[in-house]
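# Summary of structural features
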Amino acid sequence: RTAADYDDEDLLFSGTGRDYDRVGDGITEYLWTSSLDGMLSTNKSFTIPVNQLSPGLHTISFTVRDDEGNWAPVKSTTLFVAVELTQIHLPLVTQ
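Residues numbered from 1 in each chain as written. Predicted model: local features only at pLDDT ≥ 70, side-chain atom pairs only at ≥ 80, totals over all residues. Heavy atoms only, no water.

## Considering the side chain of His58
What counts, and what does not: Here a helix means four or more residues in a row that DSSP labels H or I, a strand means two or more in a row labelled E, and each is numbered from the N terminus. Exposed residues in this analysis have more than 50% of their type's maximum accessible area, buried residues have under 20%, and partly exposed residues fall in between, with area computed by a 1.4 Å probe over protein chains only. For this analysis, a polar contact is any N or O atom pair within 3.5 Å, provided that within protein one partner can donate a hydrogen and the other can accept it, and provided that sequence-adjacent residues contribute only side-chain to side-chain pairs. Note on contacts: a residue pair qualifies if any of its non-hydrogen atoms lie within 4.5 Å across the two residues.
With respect to the secondary-structure elements, His58 resides in strand β5 (residues 56–66). A residue is classified by how much of its surface remains accessible, and His58, at 0% relative accessible area, is buried. A polar contact of 2.6 Å, which involves the side chain of His58, links it to the backbone oxygen of Ser54. Sequence-distant contacts of His58, that is, excluding residues within four places in its chain, are made with Ser34, Ser35, Leu36, Asp37, Leu53, Thr77, Thr78, Leu79 and Val81.

## Let's talk about a negative patch on the surface
Cut-off, in case you're wondering: Residues form patches when they are more than 30% accessible in relative terms and have no salt bridge. Like charges link within 9 Å. Nonpolar side chains (Val, Leu, Ile, Met, Phe, Trp, Tyr) link within 5 Å. Each accessible area value is a Shrake-Rupley result obtained with a 1.4 Å probe; residue values ignore everything except the protein chains displayed when judging cover. Whenever a carboxyl oxygen of Asp or Glu lies within 4 Å of a side-chain nitrogen of Lys or Arg, that contact is scored as a salt bridge. Asp and Glu count as negative and Lys and Arg as positive, but His and the ends of the chain are not part of the count. The location of each charge is read from NZ of Lys, CZ of Arg, CG of Asp or CD of Glu.
There is a patch of like negative charges on the surface, built from Asp21, Asp25, Asp67 and Glu68. Along the polypeptide, Asp67 turns up in the loop between β5 and β6 (75–81). Under the relative-accessibility criterion, Asp67 is labelled partly exposed at 31%.

## Considerations on the nonpolar core
Which entries qualify depends on this criterion: We call a set of buried residues a nonpolar core when its members are Ala, Val, Leu, Ile, Met, Phe, Trp, Tyr or Cys and they connect through side-chain atoms within 4.5 Å of each other.
The biggest cluster of nonpolar side chains holds twelve residues, and these are Phe13, Ile27, Tyr30, Trp32, Leu40, Phe46, Ile48, Leu53, Ile60, Phe62, Val64 and Val81. Secondary structure elements with two or more residues in this core: β2 (27–34), β4 (45–49) and β5. Those residues within four positions of Val81 in sequence are excluded, and the remaining contacts are Leu53, Ser54, Pro55, Gly56 and His58.

## Observations concerning the sheet that holds β5
Sheets are built from strands paired through backbone hydrogen bonds, the pairs being either parallel or antiparallel. The criterion, for reference: We treat two strands as partners when DSSP finds at least two bridges between them. Between the N-to-C directions of two axes lies an angle of 0 to 180 degrees, each axis being a line fitted to C-alpha atoms and, for a helix, fitted only over the stretch in contact.
Read from one edge of the open sheet, four strands run β3-β2-β5-β6, paired in antiparallel fashion. Two strands bound the open sheet, and with one partner strand each, they are β3 (38–41) and β6. Geometrically, the sheet is characterised by an average inter-axis angle of 30 degrees between neighbouring strands, direction not taken into account. Summarising the sheet, β2 and β5 pair through seven bridges and their orientation is antiparallel. Note on β5: the bridge partner recorded for Leu31 is Thr63.

## Some remarks on the packing of aromatic side chains
Here is the rule: Pairs were defined over the aromatic rings of Phe, Tyr and Trp, the Trp ring being its six-membered one, requiring ring centres within 6.5 Å. Orientation was assigned from the angle between planes: stacked under 30 degrees, edge-to-face over 60, tilted for the rest.
For the coordinates displayed, the defined rule picks out five aromatic pairs. Summarising the aromatic geometry, the rings of Trp32 and Phe62 are spaced 4.3 Å apart at their centres and angled 40 degrees between planes, so their arrangement reads as tilted. Within this pair, whereas Trp32 is found in strand β2, its partner Phe62 is found in strand β5, the two being separated by 30 residues in sequence. The exposure class of Phe62 is buried, given its relative accessible area of 10%. Ring pairs connect the aromatic residues Phe13, Tyr30, Trp32, Phe46 and Phe62, which therefore count as one cluster.

Put into structure tokens, the structure is as follows:
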């Protein structure tokens, strides 16, 4: 498949958090960010079309906030979005 094959496909992001002090209403905010595109969502889960992300290497980060205003440590992963996938064919060398 080529990069164009993924243009109309969505990526699903889903995260969870827990408020261990059990005081109040628990988790009240979610935050997803991209190092290239900034804020992506404030929902627990969301989908985004691949073609709405900038090409390049993203650091995708997620955190949650409890009802007392405390943010959890950020969890991150990397995601590479290619403009176009290419194949390189090297010549066959025989002896």
